[in-house]
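# Coordinate analysis (summary)
Given next are the chains, with one letter for each unit.
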Amino acid sequence: MEISKIRKHLETEKLGEKLLVFNEVDSTNNILRGLAAQGAAMDGTVVVSDSQTAGRGRMGRKWISPRGMNLYLSALFCPEVSPQKSSVFTFLASCALVDVFSTYGVDAEIKWPNDIIVCGKKISGVLTELGISGDTVDYIVIGIGVNLNLPEEFIRREMDDISEKTTSLSLLLGEDVSRDRFCADLINSLDRFYAEFRRRGARAIVDVWIERWGLLGKDISIDVSGEIVSGVVERVDGNGFLYLRTPEGDINKVIAGDAVF
Ligand code: BTN
């Protein structure tokens, strides 16, 4: 990827003012966390790499990160929020992604909490990691992986048990997309939502997310460490926690888990 080609399309207030592009890293989240811990990164710093040797997903899962095909991006946010409210940044990223996909004519759905799905298959995921001192959030790293130009044959060969549930933008569009252009579009979109967060607060982001998610009032199931919790979504609070009403009428608060289709 080329920094000048990304920069050419940036229209941001904060994101990407400091932009670092690598050929290969272990994980863009690791690089950015390292820089943040040394004080060498600022609010809005973005790290992108052509490949990752140890890309990770949520719950210790591996994020397959072949060279030159996809987008691996991490962005640093230094807002004044409590650790509980920080999951709003995962929502911010999901909203930014859905908006970018829509500019490519792709109708993407959010699967709580952080997967972006098209036609039932995953195209992108978000990994949020925090730097915390005591009860204060020093920084939030949002890591985003997007399957851009993964060919069908690669998915079948390399993605084993998740191959049936994985897609890429090029497969949906029938042609390859510019990674530099998509990267700039995503940084612009993240920047717009971050500006909205600074102006109107976490609740404004959660409200947009709820609208894009579209499952308020619907019956859903969440896998919480192997236990399936089902119910009608009663509300989503300002921290992004879900409140499910069970058939017995109890309210279950769900903080973390994986939505089940
Ligand atoms: C998930 O769906 O579980 C989250 C996947 C997040 C992958 C991205 S790729 C860029 C950044 N660096 C990483 O090691 N992980 C995130």
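Keep in mind it's a predicted model, so treat the numbers as computed, not measured.

Scanning the chain from N- to C-terminus turns up 7 helices and 12 strands. Here the chain has a C-alpha radius of gyration of 18 Å; the compact-globule value for 261 residues is 18 Å, and the two agree. Contacts in the chain between residues at least 24 apart in sequence constitute 63% of all its contacts with a sequence separation of at least 6. Accessible area for the chain stands at about 11,800 Å²; split by element, carbon and sulfur atoms hold 47% of it. In the chain, 30 side chains carry a positive charge and 38 a negative one; their mean positions are 2 Å apart.

At a minimum axis separation of 6 Å, helix α6 (residues 179-200) and helix α7 (residues 202-213) run at an interaxial angle of 130°. The orientation of α6 relative to α7 falls into the category oblique. Across from Phe193, Glu196, Phe197 and Arg200 in α6, the residues of α7 making contact are Ala202, Ala204, Ile205, Val208 and Arg212. Here the residues of the contact of α6 with α7 are counted per class, giving 6 nonpolar, no polar and 3 charged.

All right, on to the nonpolar core then. In globular proteins that are soluble, nonpolar side chains generally tend to be buried together. Leu71, Leu73, Phe101, Ile144 and Leu186 are the most contacted members of the largest nonpolar core, which has 64 residues in total. Considering each element in turn, this core owes the most residues, 11 residues, to helix α3 (residues 88-103). Sequence-distant contacts of Phe101, that is, excluding residues within four places in its chain, are made with Val106, Ala108, Ile116, Ile123, Ser124, Val146, Leu169 and Phe182. Within the second largest apolar cluster, 8 residues are counted, among which are Ala36, Val47, Leu76 and Tyr139.

With that out of the way, let us pick up the sheet that holds strand β2 (residues 46-52). On the basis of which strands lie adjacent, the open sheet formed by 7 strands has the order β1-β2-β3-β7-β6-β5-β4 and mixed pairing. Lying at the two open borders of the sheet, with one neighbouring strand each, are β1 (19-25) and β4 (109-111). Between one strand and the next, the sheet's axes are offset by a mean angle of 20°, whatever the strand orientation. Judged from the 7 bridges that link them, strand β3 (residues 71-77) and strand β7 (residues 136-146) form a sheet pairing that is antiparallel. Among the inter-strand pairings, Tyr72 is bridged to a residue of β7, identified as Gly145. Packed onto the sheet, α6 meets β1, β2, β3 and β7 and runs at close to 25° relative to β3.

Bringing the site of the ligand into the picture now. Contacts to the ligand come from 21 residues, most closely from Ser27, Gln52, Arg56, Arg58 and Lys122. In this structure, a nitrogen atom belonging to the ligand sits 3.2 Å away from a side-chain N or O atom of Thr28. A distance of 2.7 Å separates a nitrogen atom of the ligand from a polar backbone atom of Arg56. Against a free-state accessible area of 420 Å², the protein chains account for coverage of 99% of the ligand.

Another point: the pairing of β1. Sheet analysis places β1 next to β2, joined by 6 bridges and oriented parallel. By the bridge assignment, Leu19 is partnered in β2 with Val46. With helix α2 (residues 28-37) bridging β1 and the parallel β2, this β-α-β connection has right-handed handedness.

Reading the values: rules and limits
- Residues numbered from 1 in each chain as written.
- Predicted model: local features only at pLDDT ≥ 70, side-chain atom pairs only at ≥ 80, totals over all residues.
- Heavy atoms only, no water.
- Helix = DSSP H or I, 4+ residues; strand = E, 2+ residues; numbered from the N terminus.
- Rg over C-alpha atoms; globule rule 2.2 N^0.38 Å.
- Contact = heavy atoms within 4.5 Å.
- Areas by Shrake-Rupley, 256 points an atom, 1.4 Å probe, with all protein chains shown as cover.
- Lys, Arg positive; Asp, Glu negative; His and termini not counted.
- Charge placed at Lys NZ, Arg CZ, Asp CG, Glu CD.
- Axes fitted to C-alpha atoms, helices over the stretch in contact; angles between N-to-C directions.
- Parallel < 35°, antiparallel > 145°, perpendicular 65-115°, else oblique.
- Nonpolar A, V, L, I, M, F, W, Y, C, P; charged D, E, K, R; others polar.
- Core = buried A, V, L, I, M, F, W, Y, C linked by side-chain atoms within 4.5 Å.
- Buried < 20%, exposed > 50% of the residue type's maximum accessible area, 1.4 Å probe, protein only.
- Pairing = 2+ DSSP bridges.
- Near = heavy atom within 4 Å.
- Polar contact = N/O pair within 3.5 Å; in protein donor to acceptor, adjacent residues only side chain to side chain.
- Right-handed = clockwise from strand over helix to strand, strands pointing away.

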